[in-house]
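What follows is each chain in one-letter form.
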Amino acid sequence: MSTRWYPIYQKGNPQLRVFLPNFWMKLVRPEGRQQPSKVTFHCSIEMTKHDVKNYIEKIYNVPVVDVKTRIAMGKFRKDIGKGYIVKDDDVKFAYVTLPKTMKFDFPNIFEKKKGDGDDDMKSLDEAKKSFKNYIERNKDRSDVPSWFSI
Amino acid sequence: MRLLRINGTFPKLRKLICRRYAQAIQAEENEYTETPVYPPILDMSLQARKLRERETIHKKIENINTVEEKQIALNMPRYYGWQCVILHDDKVPYNALPLVQHYTRTSFKNIDKLPDIYTQSSSVADSVVQEIKPYIEECIAIENEGVEHNIVTSVHKPEQQQIENAKTRNIVKQINRIISNNLTDKVSHILSSQVDYDPRHEAFWFIGGVDVPNNVVNWRKKFKWLKDRAHEPLDRPVQYLGSPLLTIRNQLPLKPVIPYSEAENPEFKVPVYSCVPETVGYYSNYRHGTNIPGFWPGDFDEFGMLSYHGRGHLLDRSESYGAEDNLEALHCQAIKASFGWLLAQANYKGFTTYNDLTYPLVTQTVITNGHLMSFYVYQLNTITMHSDKVDNNPKYNICFGTKPLALYDSIENGKVKGLNEDVLKMLVQFYLNAPEERDHEMAPFLGKEEQIIADIEDDNRRCWLESTYKHIVSNRPKHLLPPELYLWEKIYKIKFNTRFFEAKRKPFEFDINPFNRRLDDHLPPYIPKVLRPYPRSKKKFETTYYPKV
């Protein structure tokens, strides 16, 4: 269900379709250690426990035993340049319990593949070398900008 | 005039005593010995010094004479009470068994029939069952269909649960009456036992091995000397609160189910459960730690024999938890209730969460709704599990428990059909389990003459301790509530120092944590001038008798 207001139903085509509902859930890494069958989400403030349960069960087909929600206050910070204090938006946390036989590990999204690091180092070395060459070439005219050359 | 004279001579008298004392020491001590005597070499690292500090406090609590003073001593460090993890006997979240087992250091064994010590009472129980069977059938039929009780429910608990427990309470009262009436002339311990209805059971202890909460880690990370100690283990205070339907207690303790040496058997080892309790569904609250086994110190019948608990809370658990978890919830309830009751009894014998038991204690627990009954036998072997002892204490507690067994099949036309004699026999065997005198000292950490404050002869001290103990244990809010931190102060004074020009008045502006206040950190009651002793007394405040820990 969405919380947007829609125009009254009219017969005929084209019909209004919902592409981006207001209900969203975002899987987040838990703050501390917790039971392996628990999953932490951020979700839309308007979602209730029942909404969270239906969302996970109906869309993703994952059995849910229990849902606990809480609303965490947004952070306070000083506005850069202005100096006054502003507050970020509140976040609703949903702690979802799966059956105890199930286990959930937070996926390692930014996994480094083998050889990734080597390529990075190689290009860094090349950049360093070319910069050295450039300094070497222009050591007699240090005050001339880099674009001023033949 | 006479008073003046005594005052005048007093300094001289004191000097005289002091000098004598010093001389006596000097005469005994010889500066030179044949072999050099060195003081022990102590580890002077921070951890070791802190450990020694804690151990001296534990030693001081051990040396206190009376039960009530020990209980006050446990609460001495906190004026507003400990932030306790509250374990209610009738609130069991999903998948709580590992946590409950670690918090009570209990190994759980599923059994189908009662442990071996019950075999000797088997033949007597059989004959008793045949005698009481018609009465039990009649009482179950009448309580279920013959009487309509007017049940008054409160708004503090779910209604379904209260109604079921109220019905169970009536049946349990009747069953207890029938069995004890039948047994009084057969076995001697039943007549001398005390029966309590809805007693108050509370127990308090410290548990180690639990993760440090996030807010504590974040607080520690703010200080550079605490940065590498951010995850240093922390004791979590735990408070059990429960109320059985009916309990029976006796002057003597029950026999151990397994020998005390078996408590160190590695097969009973329970894994450490280190997730913070909030992730499981247990929450904490500020309160003074209390240990109450349903009676005040000084009662003669101070060993539990049997307790009945309701299982109405299962009705209010979500259906999605499933039958398997409901069974585990019953085990959790039994472990919490048995451990809590025995721990409170142990506290009345002078043992605390810092001074371990020297002998095992046993209790029997029945969880029932009048139809289904599950039987548990619990042996308490150890009660120290704070963070210094949680890893190196070899002892574990043991709980034997059955599945819920049906006492009868159904009730038709006001008659009970298919009464299960085996279940009734188990219950009778619990009653037949006779308490025994033990041949060891029961209260090694209590004084010889003063064991409870009622034994104290000094009237002022006794009355003061009595009223203070009862006040602490009542857990009423303090007369002045703890200072409040408003959100605007948190934003504009703590997070961002935008009001630096204002006068500092609140505790947080002086870096004072009001929750670290000690129990004795208050002005004693003022004595008005007219009430002070004649002719002249400088004593403005009344004396307090807090234990010195």
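About the thresholds
Residues numbered from 1 in each chain as written. Chains lettered and ligands numbered in written order. Predicted model: local features only at pLDDT ≥ 70, side-chain atom pairs only at ≥ 80, totals over all residues. Contact = placed C-beta atoms within 7 Å. Nonpolar A, V, L, I, M, F, W, Y, C, P; charged D, E, K, R; others polar. Pairing = 2+ DSSP bridges. Helix = DSSP H or I, 4+ residues; strand = E, 2+ residues; numbered from the N terminus. Axes fitted to C-alpha atoms, helices over the stretch in contact; angles between N-to-C directions. pLDDT = per-residue confidence, 0-100.

Caption draft 1: How the structure looks around the interface of chain B and chain A. Between chain B and chain A, the residue contacts involve 14 residues of the former and 14 residues of the latter. Its residues placed into classes, the side of chain B that touches chain A shows seven nonpolar, five polar and two charged.

Caption draft 2: Structural view of the sheet that holds strand 1 (residues 82–88) of chain B. All names here are of chain B. Reading across the sheet, the five strands line up as 7-1-5-4-8 and stay open at both edges, with mixed pairing between neighbours. Because the sheet does not close on itself, it has two edges, and the strands there are strand 7 (284–287) and strand 8 (292–293). Pairing between strand 4 (residues 201–207) and strand 5 (residues 236–242): seven bridges, direction antiparallel. For W205, the partnering residue across the bridge sits in strand 5 and is V238.

Caption draft 3: Representation of the sheet that holds strand 6 (residues 91–97) of chain A in the model. Residue and element names in this part refer to chain A. One open sheet holds the four strands; their spatial order is 1-2-6-3, and the pairing between them is antiparallel. Strand pairing shows two members of the sheet lacking a second neighbour, strand 1 (25–27) and strand 3 (66–72), which therefore form its edges. The average angle at which neighbouring strand axes cross in this sheet is 30°, direction not considered. Strand direction decides the pairing type here: strand 3 and strand 6, joined by seven bridges, are antiparallel. The partner of A72 across the bridge, within strand 6, is V91. Each of strand 1, strand 2 (38–43), strand 3 and strand 6 is contacted by helix 1 (residues 49–60), which is oriented at about 125° to strand 3, the strand it contacts most.

Caption draft 4: Quick peek at the confidence of the model for chain B. When pLDDT is averaged along chain B, the result is 91, and 95% of the positions lie at 70 or above. Across residues 1–24 of chain B, confidence stays below pLDDT 50; counting only partners more than four residues off in sequence or on other chains, it has zero contacts.

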